[in-house]
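So the chains spell out like this:
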Amino acid sequence: GGGVGMDQAKPSFVDCRLFKNEKSNLDVTDTASVGLVRCDVHESQGAGLLLHQKARARLVDCTVRANRRVGVSATPGTYVRIEGGTISESGGEGINFETATAVVTNCEISANASYAIFVTNQGSITLQDCRFLKASSGVMWLDNASRLRAERCSSESANGDSITLNSSSGILRDVRI
């Protein structure tokens, strides 16, 4: 069946495992706000974490891995903050944002089947102290007026274009790709 779904709720999960669900492991919607600390989110048939309709999420030292479609997916109007942890081995992108805002710090994103990060339709992402390993399609793809700010980030073993800004903008400081 489905994983955990929430609508207008504000729960926190600490030291949890969300795994092997037919859809997303965690579906956050309609102004809900969720906090995850040291959680393992893995092996869903959809996204590890799916946010939509103005939802908010904060992940601290979490492992998001081996999800069939994408690690973390955020749709228009959502906000995600990821502090530490890893996002790896997704069947698509590690992180996929559409018209969403994200801040990602001290995170390792690796071995995803597509881009480590894909941002579209005026999405905005800030990256600090992140590492990208084994990016199959490339490290980042931003398009349609999306915005990137990256500081002190590095990449190893990226295939394809490392960073693509297609009709988008970026500020990069001390970035090694």
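Quick caveat: nothing in here was measured; it's all calculated off a predicted structure.

Q: Got a minute to help me understand the state of the cysteines in this structure?
A: What makes a disulfide is a covalent bond joining the sulfur atoms belonging to two cysteines. Inspection of the entire model under this criterion finds 1 disulfide. With no disulfide of its own, C130 lies 4.6 Å from the sulfur of C153, the closest cysteine sulfur. Owing to a relative accessible area of 1%, C130 belongs among the buried residues under this scheme. Using a relative accessible area of 3% as the deciding quantity, one classes C153 as buried.

Q: Which parts of the structure should I look at to understand the sheet that holds strand 10 (residues 70-74)?
A: Through backbone hydrogen bonds, the strands of a sheet pair up, either in parallel or in antiparallel fashion. Spatially, 1-4-7-10-13-16-19-22 is the arrangement adopted by the 8 strands of the open sheet, whose pairing is parallel. The open sheet has two free edges, formed respectively by strand 1 (4-7) and strand 22 (163-166), since each of these has just one partner strand. With strand direction ignored, the average angle separating the axes of adjacent strands in the sheet is 5°. Pairing of strand 7 (residues 47-51) with strand 10, which is carried by 4 bridges, proceeds in the parallel orientation.

Q: What should I look at first to understand the environment of G170 in this one?
A: Within the secondary structure layout, G170 lies in strand 23 (residues 169-173). Exposure remark for G170: the relative accessible area of 35% places this residue in the partly exposed category. Each C-alpha atom, one on G170 and one on L148, is 4.4 Å from the other, the two residues being 22 residues apart in sequence. Setting aside residues no more than four positions away along its own chain, G170 makes contact with L148 and L165.

Parameters and conventions
- Residues numbered from 1 in each chain as written.
- Predicted model: local features only at pLDDT ≥ 70, side-chain atom pairs only at ≥ 80, totals over all residues.
- Heavy atoms only, no water.
- Disulfide = S-S within 2.5 Å.
- Buried < 20%, exposed > 50% of the residue type's maximum accessible area, 1.4 Å probe, protein only.
- Pairing = 2+ DSSP bridges.
- Helix = DSSP H or I, 4+ residues; strand = E, 2+ residues; numbered from the N terminus.
- Axes fitted to C-alpha atoms, helices over the stretch in contact; angles between N-to-C directions.
- Contact = heavy atoms within 4.5 Å.

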